[in-house]
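Notes for the structure review
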Amino acid sequence: MDKKIYKTEIVETMRYIEEISARLGQSITSSDYYIEDLGCPHSKPKNLPKGYAAVYMFAYNGEWLKIGKANTKSKARYTSHHYGFNALSTLPKSLAADPAMSKYGICKENSRTWVEQNTYRINILIKSEIGKAATELIEAVLHYKFRPRYEGAL
């Protein structure tokens, strides 16, 4: 998949979310969020900007692997959990447990490097003032549209 398509898909989906939210009477507008394209390879984020929640997405080889959210008080979830084995549910743990990905030898020692070098990351940073429900709506629509590989049974 052309890497430009990742961001294009997100932009189009966010326009749809804006329409949905307006119909529901709680409008999310383009001034309420911004899309941060970290690309591939990428470096893990250093912080979650103050006053923002986030929906983060990881893709590999044309497939969305993980879509998650971090509220304003979840800095570690946003910056570090998905680069190692130190949290309950992480992208590297899912990759290491997946027989289709085992050929890459992903383990605790190399997980950060593998994720940074091989996955494409996009963040949607959402002003916390528009509320937790907005972040949850964005995450839910992205899950429904992209069906990430490591989000349980679909």
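Keep in mind the model is a prediction, meaning the values are calculated, not measured.

How each quantity is defined
- Residues numbered from 1 in each chain as written.
- Predicted model: local features only at pLDDT ≥ 70, side-chain atom pairs only at ≥ 80, totals over all residues.
- Heavy atoms only, no water.
- Helix = DSSP H or I, 4+ residues; strand = E, 2+ residues; numbered from the N terminus.
- Rg over C-alpha atoms; globule rule 2.2 N^0.38 Å.
- Buried < 20%, exposed > 50% of the residue type's maximum accessible area, 1.4 Å probe, protein only.
- Contact = heavy atoms within 4.5 Å.
- Areas by Shrake-Rupley, 256 points an atom, 1.4 Å probe, with all protein chains shown as cover.
- Salt bridge = Lys/Arg side-chain N within 4 Å of Asp/Glu carboxyl O.
- Pairing = 2+ DSSP bridges.

**Brief notes about the overall build of the protein**
Broken down by element type, the protein carries five helices and four strands. The N-to-C order of helical and strand elements in the protein reads α-β-β-β-α-α-α-β-α. In terms of overall size, the protein behaves like a compact globule, its C-alpha atoms giving a radius of gyration of 15 Å where 154 residues would be expected to give roughly 15 Å. Expressed as lengths along the three principal axes of its C-alpha atoms, the size of the protein is roughly 50 × 30 × 30 Å. Every one of the 154 residues in the protein was classed for burial, and the buried ones make up 42%. Taking all contacts inside the protein whose residues are at least 6 apart in sequence as the whole, residues at least 24 apart take part in 70%. Of the roughly 8,300 Å² of accessible surface on the protein, a fraction of 49% belongs to carbon and sulfur atoms.

**Focus: the pattern of salt bridges**
Scanning the entire structure with this criterion turns up six salt bridges. Here K66 ties to E151 by a salt bridge, and the two come within 3.5 Å at their closest N and O atoms. Taken together, the residues K66 in strand 3 (residues 63–70) and E151 in the segment after helix 5 (132–146) connect sequence positions 85 residues apart. Accessibility expressed as a relative area gives 7% for K66, which makes it buried. One salt bridge connects E139 with K69, and the closest N-O pair in it is separated by 3.2 Å. Note that E139 is positioned in helix 5 and K69 in strand 3, a separation of 70 residues in sequence.

**Observations regarding the pairing of strand 3**
Within strand 3, six of the eight residues are buried, which leaves it mostly tucked inside the rest of the structure. In this structure, the hairpin formed by strand 2 (residues 52–60) and strand 3 is closed by a connection of two residues, where N61 is found at a positive phi of approximately 50°.

The values are spatial; any link to function lies outside them.
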